[in-house]
Amino acid sequence: MINFASDNYSGVHPRIMQALTAANTGCACAYGDDTYTADADAAFKALFGDDIASYVMVNGTGANVLGLAALMRPYHAVVCSEIAHINVDETGAPENVLGSKLLTVDSKDGKLTPKDVEQFLFAKGVVHHSQPKVISITQSTEYGAVYTPEEVKALGDFAREHDMYLHMDGARIANAAAALGVDVASFTRDAGVHVLSFGGTKNGMMFGEAVVFFDKKLAEGFEYLRKQNLQLLSKMRYASCQFVELLRDDLWLQTARNSNAMAKRLAEGLAGIPGVEICNKVDVNSVFAIISPEHQEELHKQFAFYEWNEATHEVRLVCSFDTTEQEVDSFIAAAKAICR
Ligand SMILES: Cc1ncc(COP(=O)(O)O)c(C=O)c1O
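Looking at an unreviewed UniProt entry, the protein carries the name L-threonine aldolase, with the source organism given as Halodesulfovibrio marinisediminis DSM 17456. UniProt, in its Cofactor (unreviewed entry) section for the protein, records the words "pyridoxal 5'-phosphate". Of the comments in the UniProt record for the protein, the one headed Sequence similarities (unreviewed entry) reads "Belongs to the threonine aldolase family."

Below is the structure:
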C-alpha cells in the first residue's frame, strides 16, 4: 500500500533513528534534566532567539491544549476555524481540559483574518458570555493553506489591540517555512505569536512535539501544567534527541521541501485528468481533489488516502518526507487509467 493518507503514516527518518540509537547509551537524568533536552532548547533558541521557553511534549494534541491552557481561564474562549484540529480532531480535549468554549469560524481553507475574529468581540465585558481571549491558527492549515508573515502579523496586532493572545498550531510548521522560504521567526515570534506548537511527528520524528513560548512570562508554571496533564515524558531524552537532529543542518526544512515538492508534482500530474478536480492551491504537502466514489474504490486497491468530504467526494492526498517521485507517478498513472 502506497501512503497518501497522512504524513504520520510514514516511518522515522534514518537520521532520527540514528539519533535515537546514539541516545540509547548509558543513563541520563529523567524528566528533561538531561543534556539532549538542553540541546533541544538551544536548537529552538537558535531558531527563535534566546528569550524563549521551550517544552518537549508527548504529542500535538497535548502541545495544543496545554499551550492554550497557559493563556486562559475557564471563562475564556478560543476563536479558531471550523476545520481546526483543536475543533474537530482532538476529541473535545480542549473543551475538556480547558473547560472553555471554542468559537468557530467557517473557513474552507482553514485561515482566519482579523475580520473573522471581530464578530466575537461584542461578548467582551458581558458577564453572560465566554470572553474571547485567544485566537488559534494552524500553520500550515488543515486544508494545506499557508499564512504569509503579514497575515499572521495582522492577527498578532489585532490580538494585542483587543487584549487577546495569538496561538499557532504548527504541527506542519516545517511545510509552511519551506513553502514561504522565509525565516521561521518572521511568521511566528516577529509576527506576534505568543505560543507555538512546533511539530516533529509529521516531519520524520518517531514522536514528540514542542511548545515554544515567545513571552517567557506566559510560561510560568507550565512545567506543572505539563506534568498534571500527563504530558511529561519520563525518558525525555528520546524525544529531545529527535528534535536536536531534526533541527541540525536544516534537516526539518529538507524533509518538508520534499513533501511539498511531491505534492506539487502530484497536483500537476493529476490536473487535466478527466474525472479528477483539484480543489486547492498546492503550497505545502497536501492535495485536495474530487474523485468519484467508484474511482476512489479502485485507487484504494493500491493507495491509502482519506475522503475529506463525504458529501462532495473530495479526497485528501498527503505527501511525506519519504514520498518518492515513483510513488507520485504511480498514483498519477493509476488515476489516468481509472478516472475516465
Ligand atoms: C493540524 C494538526 N495539529 C495537531 C496535530 C497533532 O495531533 P497528535 O495529537 O495526533 O500528535 C495534528 C495531527 O494530525 C494536526 O494535523
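Engineer: Any chance you could break down the state of the cysteines for me, citing the residues and the numbers?
Structural biologist: Applying the stated criterion to the full structure yields 0 disulfides. Unpaired in terms of disulfides, cysteine 27 finds its nearest cysteine sulfur in cysteine 29, a separation of 7.4 Å. For cysteine 339, which is in no disulfide, the shortest distance to another cysteine sulfur is to cysteine 279 and amounts to 13 Å. For cysteine 339, a relative accessible area of 1% translates into the label buried.

Engineer: How would you summarise the sheet that holds strand β8 (residues 209-213) if you had to cite specific residues and measurements?
Structural biologist: Strand order across the open sheet formed by 7 strands is β2-β8-β7-β6-β5-β3-β4, with mixed pairing between neighbours. Each having just a single partner strand, β2 (53-57) and β4 (101-105) make up the two edges of the open sheet. The sheet shows a mean angle of 20 degrees between the axes of neighbouring strands, taken without regard to direction. Looking at chain direction, strand β3 (residues 76-81) and strand β5 (residues 131-138) are connected through 4 bridges and run parallel. When the sheet's bridge partners are listed, valine 78 is paired in β5 with valine 134. Against the sheet, helix α3 (residues 60-69) contacts β2, β3, β5, β6 (165-170), β7 (195-198) and β8, and its axis sits at roughly 20 degrees relative to β8.

Engineer: With reference to specific residues and values, describe the UniProt feature "domain: Aromatic amino acid beta-eliminating lyase/threonine aldolase" (unreviewed entry) in the protein.
Structural biologist: Listed under "domain: Aromatic amino acid beta-eliminating lyase/threonine aldolase" (unreviewed entry) in the UniProt record, and renumbered for this structure, are residues 4-291. Between the first and last C-alpha atoms of residues 4-291 the distance is 14 Å; the span itself is 38% helix and 17% strand.

Engineer: Any details on the site of the ligand? Residues and values, ideally.
Structural biologist: Around the ligand sit Asn59, Gly60, Thr61, Asn64, His85, Thr138, Glu142, Asp169, Ala171, Arg172 and Lys202, and those are all the residues in its vicinity. Residue glycine 60 places a main-chain N or O atom 2.9 Å away from an oxygen atom belonging to the ligand. Between a nitrogen atom of the ligand and a side-chain N or O atom of aspartate 169, the distance comes to 2.6 Å. Relative to its unbound accessible area of 390 Å², the ligand is 80% covered by the protein chains. Tallying contributions element by element places α3 first for the shell around the ligand, with 3 residues. Residues belonging to the shell around the ligand are distributed by class as follows: 1 nonpolar, 6 polar and 4 charged.

Engineer: Summarise the pattern of salt bridges; cite the residues concerned and give the values.
Structural biologist: Within the structure shown, the criterion is met by 16 salt bridges. When the shortest N-O distance is used, the salt bridge between glutamate 151 and lysine 111 registers 2.9 Å. Placement of glutamate 151 in helix α7 (residues 149-161) and of lysine 111 in the loop between β4 and α6 (114-118) is noted, with a sequence separation of 40 residues between them. Owing to a relative accessible area of 32%, glutamate 151 belongs among the partly exposed residues under this scheme. For lysine 111, a relative accessible area of 18% corresponds to the buried category. In this structure, arginine 189 and aspartate 190 form a salt bridge, with 2.7 Å as the shortest nitrogen-oxygen distance. Its relative accessible area of 33% is what places arginine 189 among the partly exposed residues.

Engineer: Explain the sheet that holds strand β13 (residues 314-318) to me, and be specific about the residues and the numbers.
Structural biologist: Within the open sheet, the 4 strands sit side by side as β9-β10-β13-β12. Their pairing is antiparallel. Strands at the two margins of the open sheet, each flanked by one partner only, are β9 (276-278) and β12 (306-309). The mean inter-strand angle of the sheet, taken between neighbouring strand axes irrespective of direction, is 40 degrees. By the bridge criterion, 5 bridges tie strand β10 (residues 286-291) to β13 in an arrangement that is antiparallel. Residue pairing for β13: serine 286 is matched across the bridge by valine 318. Relative to β10, helix α11 (residues 251-270) is tilted by about 25 degrees, and along the sheet it contacts β9, β10 and β13.

Engineer: Please set out the domain arrangement of the protein residue by residue, giving values where relevant.
Structural biologist: By the assigned domains, the protein splits into domain 1 (2-8 + 253-338) and domain 2 (14-250). Placing the centre of domain 1 and that of domain 2 at their C-alpha centroids yields a distance of 27 Å. At the junction of the two partners, domain 1 supplies 22 residues and domain 2 supplies 20 residues. Summed over both sides, the interface between domain 1 and domain 2 buries roughly 1700 Å², with carbon and sulfur atoms accounting for 51% of that surface. Broken down residue by residue, the surface that domain 1 buries against domain 2 is led by Asp7, Leu253 and Val284, which jointly contribute 30%. The shortest N-O distance in the salt bridge between lysine 108 and glutamate 314 comes to 3.6 Å. Linking domain 1 with domain 2 are 8 residue pairs in polar contact (both at pLDDT 80 or more).

Procedures and definitions
- Residues numbered from 1 in each chain as written.
- Predicted model: local features only at pLDDT ≥ 70, side-chain atom pairs only at ≥ 80, totals over all residues.
- Heavy atoms only, no water.
- UniProt positions renumbered as here; feature names shortened; annotations may be inferred.
- Disulfide = S-S within 2.5 Å.
- Buried < 20%, exposed > 50% of the residue type's maximum accessible area, 1.4 Å probe, protein only.
- Pairing = 2+ DSSP bridges.
- Helix = DSSP H or I, 4+ residues; strand = E, 2+ residues; numbered from the N terminus.
- Axes fitted to C-alpha atoms, helices over the stretch in contact; angles between N-to-C directions.
- Contact = heavy atoms within 4.5 Å.
- Near = heavy atom within 4 Å.
- Polar contact = N/O pair within 3.5 Å; in protein donor to acceptor, adjacent residues only side chain to side chain.
- Areas by Shrake-Rupley, 256 points an atom, 1.4 Å probe, with all protein chains shown as cover.
- Nonpolar A, V, L, I, M, F, W, Y, C, P; charged D, E, K, R; others polar.
- Salt bridge = Lys/Arg side-chain N within 4 Å of Asp/Glu carboxyl O.
- Domains from an automatic or database assignment.
- Buried area = accessible area lost by both parts, 1.4 Å probe.

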